[in-house]
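Structural characterization, general
Spelled out from the first residue to the last, the chains are:
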Amino acid sequence: MSTPSKRFPVAAPSLTEREERFLIDAVRSGWVSSIGPYVERFERDVAALCEVPHCVAVTNGTDALIVTLKALGLGPGDEVVVPAHTFAAVSASVLHVGATPVLADVHPEHWCIDPRAVERALTPRTRAIIAVHSYGHPAPMGPLLDLAKQRGLKLVEDCAEAHGARYEGKVVGSLGDAGCFSFYGNKIVTCGEGGAVVSKDAELSRHVRYLKDHAQDAGTHYVHSEAGYNCRMTNLQAALGCAQLERFSELAARKRALLGWYQELAGPLPLTWNPKLPWAEPAVWLVSAVLDEALAKSRPAILKSLREQGVETRPFFVCLAELKPYAGCRQVGAGGEADVPVARSLGRRGFNLPSGVELTRDDVAVITAALRRSLEASA
Ligand SMILES: *Cc1c(COP(=O)(O)O)cnc(C)c1O
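Here's what I pulled together on the structure shown here. (Residues numbered from 1 in each chain as written. Predicted model: local features only at pLDDT ≥ 70, side-chain atom pairs only at ≥ 80, totals over all residues. Heavy atoms only, no water.)

**Details of the overall build of the protein**
Broken down by element type, the protein carries twelve helices and 15 strands. A compact globule built from 379 residues would reach a C-alpha radius of gyration of about 21 Å, and the protein, at 21 Å, matches this within 12%. Principal-axis analysis of the C-alpha atoms gives the protein an extent of 70 × 55 × 35 Å. Per-residue burial over the protein gives 56% buried out of 379 residues. A total of about 15700 Å² of accessible surface is found on the protein, and carbon and sulfur atoms cover 54% of it. Counting 41 positive and 42 negative side-chain charges, the protein places the centres of these two groups 2 Å from one another. (Helix = DSSP H or I, 4+ residues; strand = E, 2+ residues; numbered from the N terminus. Rg over C-alpha atoms; globule rule 2.2 N^0.38 Å. Buried < 20%, exposed > 50% of the residue type's maximum accessible area, 1.4 Å probe, protein only. Areas by Shrake-Rupley, 256 points an atom, 1.4 Å probe, with all protein chains shown as cover. Lys, Arg positive; Asp, Glu negative; His and termini not counted. Charge placed at Lys NZ, Arg CZ, Asp CG, Glu CD.)

Here it is as structure tokens:
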């Protein structure tokens, strides 16, 4: 096999002269900590993207979840239903506020939390649901909102992987009680590190803003009526984020084009690409592929072969039920069984391919040729 001339990483941020200019401007202004014009502008821009009135910028997506759960009053004795297939920051945030995660299975067609499993998971102690818009696809918000309303539950959206995605025409982050964002280096929009909490609820937003800045009472010095956090975003992070948001349409469109090239150039293969249900306008975060069941055991060999051809990949999230901190959590499947078979299966069969917006159609032709070779070798 010839040595590859080029390596393709899974993710790489797209940074231009615009990001550089905004960042230099922030440095020269002297506003490098968490007070500054870019932070205020970033909050306005994220609120506008989400079509909601309120946004609080924070340090990262995990802190966004933690302060949101805290502001919603969740703590010991409360159960929070989370998808069994997602990034562990979701379930960790529930543990960090002292509440109990309950793992609901995901849906085989869109990979997001399955409302049938959520319904079966509810007990008198359930207080909230975290709906993660996984791998860019919106969660089925209609049925989840119905359940939340009927049962008096809070519904938090995790939009980290789905900036700008829409459910039945409504943008993610605008549907639940609050929407939590991450702007980590591999997300669609990045601040380097960063996060935000968006909401329609002025009081919830005020509480998040209070908690993220040490919970110091307004107009006082050193009077704290609650135990606060420090998860303030800096003006430097926000400067980068403002530049990225000016390019949002471009970044989102290039990611969508990228997925289209993969689907077109790969031809028929024994795998499923990123889903798109009729009610969804997904964002493209990573280009994702789920191997057919017959190939599940070959995933390590396929990924190794891709790596040898210069194509880096990332396996899907390990099912939360298979991770030490969550192995003891209650698991609930779509039929009410004490298991999460879809999440386990996706965790074994899925992987992400190079997804940076700088990739060209020619790059994707090289990558998909490598993918075909790796799959044929494992067939
Ligand atoms: C990335 C991610 C997070 C965490 O974001 P950080 O900014 O890395 O803390 C949370 N939830 C989901 C679903 C994510 O993909």
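This is not the end of the story, as more comes after the structure.
**Here's the deal with helix α1 (residues 17–29)**
In a regular helix each residue adds 1.5 Å, so 13 residues correspond to 18 Å; α1 covers 18 Å between its end C-alpha atoms and thus fits that length. The complete set of buried residues in α1 reads Glu19, Phe22 and Ala26. Along the long axis of α1, the arc covered by the buried residues comes to 70°, so they all point the same way. In α1, the exposed positions that point more than 90 degrees away from the buried face belong to Glu17, Glu20 and Arg28. Elements in contact with the buried residues of α1: α2 (37–50) and α8 (235–246). Gly30 sits one or two positions beyond α1 and adopts a positive phi of about 85°. (Expected span 1.5 Å × (residues − 1). Arc of directions from axis to C-beta. Contact = heavy atoms within 4.5 Å.)

**Observations concerning unusual backbone geometry**
With a phi close to 45°, Glu168 is a non-glycine residue in the positive phi region. For Glu168, the location among the structural elements is in the loop between β6 (166–167) and β7 (170–171). If you check the backbone angles, Ala215 has positive phi at about 50° while not being a glycine. Classification of Ala215 as buried rests on a relative accessible area of 0%.

**Side note on the packing of helix α9 (residues 248–266) against helix α12 (residues 361–378)**
Running from N to C, α9 and α12 point in directions that differ by 45°, and their axes come no closer than 9 Å. Classified by the interaxial angle, the pair formed by α9 and α12 is oblique. Seen along the crossing, α9 lies across α12 with a hand that is right-handed. Here Leu258, Trp261, Tyr262, Glu264, Leu265 and Ala266 of α9 come into contact with α12, specifically with Arg361, Val364, Ala365, Ile367, Thr368 and Arg372. The class makeup of the residues in the contact of α9 with α12 is eight nonpolar, one polar and three charged. (Axes fitted to C-alpha atoms, helices over the stretch in contact; angles between N-to-C directions. Parallel < 35°, antiparallel > 145°, perpendicular 65-115°, else oblique. Left-handed = near helix turned anticlockwise from the far one by under 90°. Nonpolar A, V, L, I, M, F, W, Y, C, P; charged D, E, K, R; others polar.)

**Some thoughts on the packing of aromatic side chains**
Inspection of the entire model under this criterion finds eleven aromatic pairs. Relative to Phe317, the ring of Tyr135 has its centre 5.4 Å away and its plane inclined at 20°; by these criteria the two rings are stacked. On the criterion of sequence distance, the pair formed by Tyr135 in the loop between β4 (126–132) and α6 (141–151) and Phe317 in the loop between β13 (314–315) and β14 (331–332) is long-range, its members being 182 residues apart. Taken individually, Tyr135 and Phe317 each receive the classification buried, so the pair is uniform in this respect. (Phe/Tyr/Trp six-rings, centres within 6.5 Å; stacked < 30°, edge-to-face > 60°.)

**Structural notes on the pattern of salt bridges**
Under the criterion given, the structure shown has 24 salt bridges. A salt bridge links Arg247 to Glu19, with the nearest nitrogen and oxygen atoms 2.9 Å apart. You can see Arg247 sitting in the loop between α8 and α9 and its partner Glu19 sitting in helix α1, a full 228 residues away along the chain. In terms of burial, Arg247 and Glu19 fall into one category: buried. For the salt bridge of Glu322 with Arg344, the shortest nitrogen-to-oxygen distance reads 3.2 Å. A residue pair is termed long-range when its members are at least 10 positions apart, and Glu322 in the loop between β13 and β14 and Arg344 in helix α11 (residues 341–349) qualify at 22 residues. You can call Glu322 partly exposed: its relative accessible area is 42%. Bridged by salt links that share partners, the residues Glu19, Arg247, Glu250, Arg254 and Glu358 form one connected network. (Salt bridge = Lys/Arg side-chain N within 4 Å of Asp/Glu carboxyl O.)

**Topic: the nonpolar core**
Counting 80 residues, the largest nonpolar core has Phe42, Val46, Val80, Val82, Leu103, Ile130 and Phe183 as its most contacted members. Counting 25 residues, the second largest nonpolar core, distinct from the first, contains Leu258, Tyr262, Leu353 and Val364. (Core = buried A, V, L, I, M, F, W, Y, C linked by side-chain atoms within 4.5 Å.)

**Structural notes on the pairing of strand β8 (residues 178–182)**
For β8, the buried fraction is high: five of the five residues fall into the buried class. Across the two faces of β8 the burial is the same, with Ala178, Cys180 and Ser182 and Gly179 and Phe181 all buried. Pairing of strand β5 (residues 154–158) with β8, which is carried by three bridges, proceeds in the parallel orientation. Each bridged residue has a counterpart across the sheet, and for Asp158 the counterpart in β8 is Cys180. (Pairing = 2+ DSSP bridges.)

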